[in-house]
Structures are given as structure tokens and as C-alpha cells.
Amino acid sequence: MNVFGIVLFLLIFGMAFWMLLFLLGFIVPYWITLGVIEKLRPKRILDDPKD
């Protein structure tokens, strides 16, 4: 039973580690890039004036 706990801990820790690596390596830069592009694009006439 002791080994099961250690294996379960390592499994959860490994999944969390790879999820954080994925988030920091892909999702966060993608999100920042989309935000920058949205701020830099010129305003269009058909856009809502409240933006």
C-alpha cells in the first residue's frame, strides 16, 4: 500500500508538471500574442464604438 501511494503521488506530480510545461510553453505565449495583435490592429468603421 505504501508503494501505491508513492506511485500515485509521482503520477499526479508528473501530470501536473507536464501540464504546467505545456501552459508556459504554448498557451501563455499564444494568449499574449493574440492580445498584442488585438491591441495593435487598426480600428474598423464597422466595429462597435464602445470598444
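Residues numbered from 1 in each chain as written. Predicted model: local features only at pLDDT ≥ 70, side-chain atom pairs only at ≥ 80, totals over all residues. Heavy atoms only, no water.

Caption draft 1: Spotlight on the packing of aromatic side chains. In total, this model carries 4 aromatic pairs according to the counting rule given. Judged by centre distance (5.2 Å) and plane angle (75°), the rings of F17 and W18 are edge-to-face. Look at W18 and you get exposed, because its relative accessible area is 57%. Taking 5.9 Å as the distance between ring centres and 10° as the angle between the ring planes, the aromatic pair formed by F26 and Y30 counts as stacked. Taken together, the residues F26 and Y30, both in helix α1 (residues 2–40) and 4 residues apart, mark about one turn of the helix. Here F26 falls in the partly exposed class, since its relative accessible area comes to 46%. Given the relative accessible area of 48%, Y30 is considered partly exposed. (Phe/Tyr/Trp six-rings, centres within 6.5 Å; stacked < 30°, edge-to-face > 60°. Buried < 20%, exposed > 50% of the residue type's maximum accessible area, 1.4 Å probe, protein only. Helix = DSSP H or I, 4+ residues; strand = E, 2+ residues; numbered from the N terminus.)

Caption draft 2: Structural view of the pattern of salt bridges. Within the structure shown, the criterion is met by 1 salt bridge. Residue E38 pairs with R41 through a salt bridge whose shortest N-O separation is 3.2 Å. Since its relative accessible area comes to 48%, E38 is described here as partly exposed. (Salt bridge = Lys/Arg side-chain N within 4 Å of Asp/Glu carboxyl O.)

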